[in-house]
Amino acid sequence: GENVEQHPSTLSVQEGDSAVIKCTYSDSASNYFPWYKQELGKRPQLIIDIRSNVGEKKDQRIAVTLNKTAKHFSLHITETQPEDSAVYFCAASTSGGGADGLTFGKGTHLIIQP
Amino acid sequence: NAGVTQTPKFRVLKTGQSMTLLCAQDMNHEYMYWYRQDPGMGLRLIHYSVGEGTTAKGEVPDGYNVSRLKKQNFLLGLESAAPSQTSVYFCATSDIYEQYFGPGTRLTVT
């Protein structure tokens, strides 16, 4: 089955700096890659996703890049703010949209230092 | 419009007891999922359903059973709870792409 590796497990950045979280996947058939943000005690919420026919997608301060050849994808957050502090999870799916579920990475705890 | 709800929010079980977790959605989504979340492990798929009357195994199905008798409900059962099943359980639903998560059920097995 699919295996998703996520790095780093903890990332501390100064407010206003950029943060990058990287994930690799094992199944070349994976074609949908979402990123979820989870605040302490809350449910995961989708912040951005990318499909395999696109190399990059941006939404305001958040961007995701995908390299299908290398089987890795990354989350980029620019101009970080205190409210960006949370745990971020990457995920992958072979069913185009997660019809048969998502395989998640183990998460990155992002800490924004004031 | 409640979205995705889970019952109960918290539960403590003794080893060997049974229980059922209920997930309900009013989004008219076909696909429903049960995940468990353990510290440092991310979310792992237990079982899922692609429509009323269907279920399938995910990554970690052992010790759990599920049923989807109605489109809006997805039940997760533990027949004989074990301490290894102490976790936070999340239900999710999706239409095509985005998965919407419920608030979670925190289960402790002693």
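Everything below is about the structure shown above.
A brief structural summary. Everything numeric in this text was worked out from a predicted model, so none of it was measured.

Describing the overall build of chain B
- Each helix and strand in chain B was counted, giving zero helices and 11 strands.
- Taken from N to C terminus, the helices and strands of chain B fall in the order β-β-β-β-β-β-β-β-β-β-β.
- Expected size for 110 residues packed as a compact globule is a radius of gyration near 13 Å; at 13 Å, chain B falls within 12% of this value.
- If you line up chain B on its principal axes, its C-alpha atoms span 35 × 25 × 25 Å.
- The long-range fraction of contacts in chain B, counting pairs at least 24 apart against all pairs at least 6 apart in sequence, stands at 53%.
- Roughly 5,200 Å² of accessible area belongs to chain B as shown, and the carbon and sulfur atoms make up 52% of that amount.
- Computing the positive centroid from 10 side-chain charges and the negative centroid from 9, chain B places the two 9 Å apart.

Quick look at the packing of aromatic side chains
- In this structure the tally under the stated criterion is 14 aromatic pairs over all chains.
- Ring geometry for Phe 33 of chain A and Phe 73 of chain A: centres 4.9 Å apart, planes at 50°, overall tilted. One end of the pair, Phe 33 of chain A, is in strand β4 (residues 32–38); the other, Phe 73 of chain A, is in strand β8 (residues 72–77), with 40 residues separating them in the sequence.
- Taken together, a centroid distance of 5.9 Å and an interplanar angle of 65° make the contact between Tyr 64 of chain B and Tyr 89 of chain B edge-to-face. Taken together, the residues Tyr 64 of chain B in the loop between β6 (56–57) and β7 (65–67) and Tyr 89 of chain B in strand β9 (residues 87–94) connect sequence positions 25 residues apart.
- On the accessibility criterion, Tyr 89 of chain B (0% relative accessible area) is buried.
- Through a chain of ring-to-ring contacts, three or more aromatic side chains come together here, namely Tyr 36, Phe 89 and Phe 104 of chain A together with Tyr 33, Tyr 35, Phe 90 and Phe 101 of chain B.
- Lying over the aromatic face of Tyr 97 of chain B, Arg 51 of chain A brings its terminal NZ or CZ to 3.6 Å of the ring centre.

Some points on the nonpolar core
- By size, the foremost hydrophobic cluster in this structure holds 24 residues, and its most contacted members are Trp 35, Phe 73, Leu 75, Tyr 88 and Leu 110 of chain A.
- Looking at this core, the elements with two or more residues in it are β2 (10–14), β3 (19–25), β4, β5 (45–51), β7 (62–67), β8, β9 (86–92) and β11 (108–113) of chain A.
- Core analysis: the second largest hydrophobic core is formed by 19 residues, Trp 34, Tyr 64, Val 66 and Tyr 89 of chain B among them.

Side note on the interface of chain B and chain A
- Listed per partner, the contact involves 20 residues of chain B and 19 residues of chain A.
- Buried area between chain B and chain A, both sides added, is near 1,700 Å², and the carbon and sulfur share of it is 56%.
- The largest per-residue losses of area from chain B upon contact with chain A belong to Leu 43, Tyr 97 and Phe 101 of chain B, which jointly make up 37% of the total buried on that side.
- Linking chain B to chain A there are zero salt bridges.
- Linking chain B with chain A are four residue pairs in polar contact (both at pLDDT 80 or more), by the criterion used here.
- Secondary-structure elements contributing two or more residues to the side of chain B that touches chain A are β4 (31–38), β5 (42–49) and β10 (99–101) of chain B.

Comments concerning the sheet that holds strand β1 (residues 4–7) of chain B
All names here are of chain B.
- Taken in spatial order, the four strands line up as β1-β3-β8-β7 in an open sheet, and their pairing is antiparallel. The open sheet has two edge strands, β1 and β7, and neither has a second partner. On average, each strand axis in the sheet is inclined to that of its neighbour by 20°, with strand direction left out of account.
- Pairing of strand β3 (residues 19–25) with strand β8 (residues 73–78) involves six bridges; the strand directions are antiparallel. Across the sheet, the residue bridging to Leu 21 is Leu 76, located in β8.

Rules and cut-offs
Residues numbered from 1 in each chain as written. Chains lettered and ligands numbered in written order. Predicted model: local features only at pLDDT ≥ 70, side-chain atom pairs only at ≥ 80, totals over all residues. Heavy atoms only, no water. Helix = DSSP H or I, 4+ residues; strand = E, 2+ residues; numbered from the N terminus. Rg over C-alpha atoms; globule rule 2.2 N^0.38 Å. Contact = heavy atoms within 4.5 Å. Areas by Shrake-Rupley, 256 points an atom, 1.4 Å probe, with all protein chains shown as cover. Lys, Arg positive; Asp, Glu negative; His and termini not counted. Charge placed at Lys NZ, Arg CZ, Asp CG, Glu CD. Phe/Tyr/Trp six-rings, centres within 6.5 Å; stacked < 30°, edge-to-face > 60°. Buried < 20%, exposed > 50% of the residue type's maximum accessible area, 1.4 Å probe, protein only. Lys NZ or Arg CZ within 6 Å of the ring centre and 35° of its normal. Core = buried A, V, L, I, M, F, W, Y, C linked by side-chain atoms within 4.5 Å. Buried area = accessible area lost by both parts, 1.4 Å probe. Salt bridge = Lys/Arg side-chain N within 4 Å of Asp/Glu carboxyl O. Polar contact = N/O pair within 3.5 Å; in protein donor to acceptor, adjacent residues only side chain to side chain. Pairing = 2+ DSSP bridges. Axes fitted to C-alpha atoms, helices over the stretch in contact; angles between N-to-C directions.

Functional significance is not addressed by these values, which are geometric in nature.
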